[in-house]
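# Examination of the molecular architecture
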Amino acid sequence: LVLDMAFVLAVINDMKLPVEDAVERLNRFQALAGRGEIFKGKIQKDREIVLVDEAFNANPLSMKAALEGFGKMFGGADKSRVLILGDMAEGGPETRQHHLALAETIDKIQPARILLCGQEMKNLWDVLKDRYSGEWYPEFSALNKDILNWLKDGDFVLVKSSHSICLYRIVSYLKLLMAKYNESV
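Let me sum up the structure you'll find in this document. What you see is a predicted model, and the numbers here were worked out from it, not measured in a lab.

## Describing helix H7 (residues 140–150)
One turn of the α-helix equals 3.6 residues, which is why residues spaced by three or four share an orientation. Taken together, the buried positions of H7 are occupied by Phe140, Leu143, Ile147, Leu148 and Trp150. For H7, the angular spread of the buried residues around the axis is 150°, confining them to a single face. In this structure, H7 carries Lys145 and Asn149 as exposed residues pointing more than 90 degrees from its buried face.

Okay, structure coming up:
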């Protein structure tokens, strides 16, 4: 989403149109559910996180872009990043390779923890499990039961997967906790 906005501003600037008007409109823009919404709030009395919801859809290009954007937006050695990634569905015969190719992008982000979900993510976990703290879950309900054990105060959390993996339910659960422990979400 951030990269998309930067691209829009670059095009507007290149076309010699008023950038200020575009910035004003982009400031009012609200991302659609599961497509880049960012939430900040407490998930317990003493635990606040920043949650980036990209759980609506995933393909190799959108997954890489979301990871890179998350790394740029929430990078830095002082930030604790958590990746919660689910399968990219409908990948065809190259599905396994597409999932494995994410390792390079993940290594650039240097997350504190990685939680992977879905059968296709198992191969990626096998590559990453010796480098990062985290876990692989065959399906979302097991991950959802464990999620609070993995999230710490001050974490920056990216959730990205194909809709069919149901990680949007984890986002919904975390948002419910935010509603419980915060005045507004």
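## Re the pairing of strand E6 (residues 155–160)
Every other side chain in a regular strand lies on the same face of the sheet, so the side chains alternate between the two faces. A large share of E6 lies buried, amounting to six of its six residues. Residues Asp155, Val157 and Val159 point to one face of E6 and Phe156, Leu158 and Lys160 to the other, with burial holding for every one of them. Inspection of the sheet shows strand E2 (residues 47–54) paired to E6 by five bridges, in the parallel sense. Looking across to E6, one finds that leucine 51 is bridged to valine 157. In the sheet, strand E3 (residues 80–86) pairs with E6 via six bridges, with the strands oriented parallel. Residue pairing across strands places leucine 83 opposite leucine 158, the latter belonging to E6.

## Brief notes about the packing of helix H5 (residues 102–109) against helix H6 (residues 121–128)
With their axes 10 Å apart at the nearest point, H5 and H6 run at an angle of 50° to one another. Classified by the angle their axes make, H5 and H6 are oblique. Crossing of H5 over H6 shows right-handed handedness. Residues Leu102, Ala103, Ile106 and Asp107 of H5 pack against Met121, Leu124, Val127 and Leu128 of H6. Broken down by class, the residue content of the contact of H5 with H6 amounts to seven nonpolar, no polar and one charged.

## Examining the sheet that holds E3
Each strand in a sheet pairs with its neighbour through backbone hydrogen bonds, running either in the same direction (parallel) or in the opposite one (antiparallel). One open sheet accounts for six strands, arranged E1-E2-E6-E3-E4-E5; its pairing is mixed. Every other strand in the sheet has two partners, leaving strand E1 (37–44) and strand E5 (133–137) as the edge strands with one partner each. Neighbour-to-neighbour, the strand axes of this sheet turn through a mean angle of 15°, independent of strand direction. Together, E1, E2, E3, strand E4 (113–117), E5 and E6 form the strand contacts of H7, whose direction differs from that of E5 by roughly 160°.

Criteria and cut-off values
- Residues numbered from 1 in each chain as written.
- Predicted model: local features only at pLDDT ≥ 70, side-chain atom pairs only at ≥ 80, totals over all residues.
- Heavy atoms only, no water.
- Buried < 20%, exposed > 50% of the residue type's maximum accessible area, 1.4 Å probe, protein only.
- Helix = DSSP H or I, 4+ residues; strand = E, 2+ residues; numbered from the N terminus.
- Arc of directions from axis to C-beta.
- Pairing = 2+ DSSP bridges.
- Axes fitted to C-alpha atoms, helices over the stretch in contact; angles between N-to-C directions.
- Parallel < 35°, antiparallel > 145°, perpendicular 65-115°, else oblique.
- Left-handed = near helix turned anticlockwise from the far one by under 90°.
- Contact = heavy atoms within 4.5 Å.
- Nonpolar A, V, L, I, M, F, W, Y, C, P; charged D, E, K, R; others polar.

Any functional reading would require information beyond the geometric quantities listed.
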